[in-house]
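# Commentary on secondary and tertiary structure
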Amino acid sequence: MNDILASMSNFNFCYRIVPCLADPARRSSLGLKAALVALHLVYAGILFLFDSDLIEKTKEEPWYTAIYLLLFVVALIQYFVTSCSSPGYVLDAMRDVNEKNSLYRRSSMLSKQPASSKSGSFVITVEGSESERNTQGSNITSWTKLVLDMYPPGTSIRTFTCSYCNVEQPPRAKHCHDCDKCVLQFDHHCVWLGTCIGRGNHCQFWWYIFEETALCIWTGILYITYLKANILRVWWKDAVMILLLVTLSIALIFLLLLLIFHSYLILTYQTTYELVRRRRIPYLRGIPERVFPFSKGVCRNLYDFCFGRSSIYSLERLPTAMEIEEKSRPYTCSDFLTCRCC
């Protein structure tokens, strides 16, 4: 009993020093991060520990090992940057819109400048936009009106209000039960990263997969090179290297499939959630399978994914029926000549 109380007091002391360890979710996330870093160090460390030829090559051509270690460090940095990035939460977007709206109203109030004339005094007022006047004259908040403009006319607020966060969801948003928040352009919740992948960090996630895949390929080549030159010399070293190479090959297959899959999503401007649950999503239910409603063409999709996301809180409206009909039209030779697919 005393041992149990002593261990509990030790845990409480650790939680006071590091408060984040008191949260089970954050504790498991930190454990996964530590395990991933340890795996990287094991694969690279055993390679440099066993392969004497690689050490000699490093002395002769230091740039080769320097580039490999640079890729190793960059992949780990990209992992932590992506895991700490925000996917773009609906609550943060709503707060951002309301703050901008309040600043606009404050500037509108300050823009009333009194001026004098011979007949007396009058006030010059800078009028806001028509939508702003309508918003101020009604009970609808600026966020609700903005979300309503994203949907077709006649859509009810209740049809897209999250029952968990009690906020109006814009198109392509979804509530994540792991994060307990609604995410803009929700893709999936990544367990290894400990965060959601959404509009704000999908590009960073793709680059992390790409760098991790390149690192696995390079490490696998180094392992195969070692086994070719040193096979049957020390059996236990060969056994360790073969075991690590097998597990590395399995991880590489998974990473390659994931990289190809997300590259396809980028080119077609989809998300994993929209592709997997297409028939269950109300705004995608009536659209043909091979029609991508949010696609703007391959080139524009790539540009928007890589460079066009200046704000993670920018929203996308649902396409109209005419736009869906235009995208459903089969491609012809003239369409390829005019670069309709781009």
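In every chain, residue numbers begin from 1 and rise along the written sequence. Totals for whole chains, interfaces and linings use every residue, but because this is a predicted model, local features are given only for residues with pLDDT of at least 70 and side-chain atom pairs only at 80 or more, for both listing and counting. Derived side-chain values reflect all non-hydrogen atoms in the structure, with water molecules and hydrogen atoms excluded from consideration.

Each Phe, Tyr or Trp ring, with Trp reduced to its six-membered ring, pairs with another whose centre is within 6.5 Å; inter-plane angles below 30 degrees give stacked pairs, above 60 give edge-to-face pairs, and intermediate values give tilted ones. In total, this model carries 14 aromatic pairs according to the counting rule given. Aromatic pair Tyr68 and Trp218: ring centres 5.4 Å apart, planes at 75 degrees, arrangement edge-to-face. Residue Tyr68 is found in helix α4 (residues 62-84), and its partner Trp218 is found in helix α8 (residues 202-230); the two are separated by 150 residues along the sequence. Burial classes follow relative accessibility: with a 1.4 Å probe on protein chains only, a residue under 20% of its type's maximum area counts as buried, one over 50% as exposed, and anything between as partly exposed. We classify Trp218 as buried; its relative accessible area is 18%. Arranged with centres 5.5 Å apart and planes meeting at 10 degrees, the rings of Trp206 and Phe210 form a pair that is stacked. With a gap of four residues between them, Trp206 and Phe210 both fall in helix α8, about one helical turn apart. The helix and strand labels rest on DSSP assignments: H or I over at least four residues marks a helix, E over at least two residues marks a strand, and numbering proceeds from the N terminus.

UniProt positions are given in the numbering used here, feature names are shortened, and annotations may be inferred rather than shown by experiment. According to UniProt, the feature "transmembrane region" (unreviewed entry) maps to residues 30-50, 62-81, 205-227 and 239-267 in the numbering used here. Along residues 62-81 one finds 100% helix and 0% strand; the C-alpha atoms at either end are 28 Å apart. In residues 205-227, helix accounts for 100% and strand for 0%; the two terminal C-alpha atoms are 33 Å from one another.

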